[in-house]
Amino acid sequence: MSKSLSVLVVTTSFPYPGNEVAGQFVFRECLSLQSLGIKVCVLAPHIKGAPIQESIQGISVRRFKYSLVESWQNVAYGEGIPTNIKRKISARIGFPIMILAMIKAVKKEARNHDLIHAHWFIAGLAAVLGKARYQKTVLMIHHAHAANKLFLYILSKTDFLICNSSMVLQKTLTIFPSNDSDIIHPGIDTDFFTPLTDCKVKYNQPFQMIAVGRFISLKGFSVLIEACALLRKSNLNFQLKLIGQGYLQVKLERQISKLDLKNHIKIIRNLPQRELKEQYQCSDLLIIPSIIDENGDTEGLGMVAVEAGACGLPLLGSNVGGIPDVIKDGYNGFLFEASRYDKLAERIKELMDNPVLYRRMGSAARAHVLENFNTYKNARKIQNVYKKLTGSKD
């Protein structure tokens, strides 16, 4: 009997006790790869309160420390590495220390595995510097990056590049052409994210909208709040739940109060997956109003739209980043010009007024997810990449 393929997954975000949201799609991918007979070991940064080593549903997870003081390990998780570095002096100081610790941890763990699969380019740097000479590396990136020397170096040392959306692949190939690349969307468990009932507009009840994500600039939640102000002026019956947390929460709360929307908008902190699924199932519409922020960053894909679509919700999203891979305009929802809250309000009203269109788009949303974002189908594609790199035929 041949030996099972063993993969070291290096990531800067992975679920830990008290936060199952972090790196959730990486976790789902690992579970799917494991179901295909692949041995998976995860290497991720440590965070205060998390075990150094544990097994989660059969996946070995090892978290490396990069500070003697656990509370100073605040580079990863939370609001994301870019925002943490921008807002915390300790994160800026700890960033290079974390990278060095990650490289050291990869060097220690890599020898026990056939190849390395890195998520995000920081983990990619640790992978290409820490791998053994014979090892192959797969890099999966979730956002487009500028053509700086470090990123180009990582790409040059990567054996296969996976991008999470067509936008990310297109922009990456523009700065570094490569034949060893492909789009493989992160998948979700479509047996977990399912509709509760048939999609239908619930008359005489508020139209229930939901938006999910970190409260940071590129998520564009202020645009959505402005759109809600227009809906209120039109005397429309609606409710919006904003689910997430982040440094902009106070600013968003002030905007809601200023626009007299307290009776229409409720902010809810991050929820566990099961509770989030229930919120999707009890909603009528998912909105992902992302923008291109002041640093040129935007949405790499929009996993919340994938999850909500699997639950049978029509989708509204801005036409930026990887969102058009999830939302096909006029099929499973609508795209609108980023920051145009007036156009967003028009599309919301159109769906509220047209139950036939609403039901059709809800059904199409789930069909699109089943075809393109099933975690097990996409894990097969990743497995084929592994086989190509290792020469395995099993």
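Residues numbered from 1 in each chain as written. Predicted model: local features only at pLDDT ≥ 70, side-chain atom pairs only at ≥ 80, totals over all residues. Heavy atoms only, no water.

From N to C terminus, the chain includes 14 helices and 14 strands. Computed over its C-alpha atoms, the radius of gyration of the chain comes to 21 Å, within 12% of the 21 Å expected for a compact globule of 394 residues. Considering only C-alpha atoms, the chain reaches an extent of 65 × 45 × 40 Å along its principal axes. By the burial criterion, 56% of the 394 residues in the chain qualify as buried. Taking the intrachain contacts of the chain between residues at least 6 apart in sequence as the baseline, contacts between residues at least 24 apart amount to 66%. A total of about 17,600 Å² of accessible surface is found on the chain, and carbon and sulfur atoms cover 51% of it. Treating the 50 positive side-chain charges of the chain as one cloud and the 33 negative ones as another, the clouds have centres 6 Å apart. (Helix = DSSP H or I, 4+ residues; strand = E, 2+ residues; numbered from the N terminus. Rg over C-alpha atoms; globule rule 2.2 N^0.38 Å. Buried < 20%, exposed > 50% of the residue type's maximum accessible area, 1.4 Å probe, protein only. Contact = heavy atoms within 4.5 Å. Areas by Shrake-Rupley, 256 points an atom, 1.4 Å probe, with all protein chains shown as cover. Lys, Arg positive; Asp, Glu negative; His and termini not counted. Charge placed at Lys NZ, Arg CZ, Asp CG, Glu CD.)

This part covers the side chain of histidine 117. In this structure, histidine 117 sits in strand β5 (residues 115-119). Exposure remark for histidine 117: the relative accessible area of 0% places this residue in the buried category. Residues in contact with histidine 117, not counting those within four places in the same chain, are Val7, Leu8, Val9, Val10, Glu29, Val138, Met140, Ile162, Ile382 and Tyr386.

Viewed as axis vectors pointing N to C, helix α4 (residues 121-130) and helix α5 (residues 149-157) meet at an angle of 55°, and their least axial separation amounts to 9 Å. On the basis of their axis angle, the class for α4 and α5 is oblique. Where α4 crosses over α5, the two elements pack in a sense that is left-handed. Each of Phe121, Gly124, Leu125, Val128 and Leu129 in α4 lies in contact with α5, whose residues at this interface are Leu150, Phe151, Tyr153, Ile154 and Lys157. By residue class, the composition of the contact of α4 with α5 is eight nonpolar, one polar and one charged. (Axes fitted to C-alpha atoms, helices over the stretch in contact; angles between N-to-C directions. Parallel < 35°, antiparallel > 145°, perpendicular 65-115°, else oblique. Left-handed = near helix turned anticlockwise from the far one by under 90°. Nonpolar A, V, L, I, M, F, W, Y, C, P; charged D, E, K, R; others polar.)

Keep in mind that these numbers describe shape and distance, not what the molecule does.
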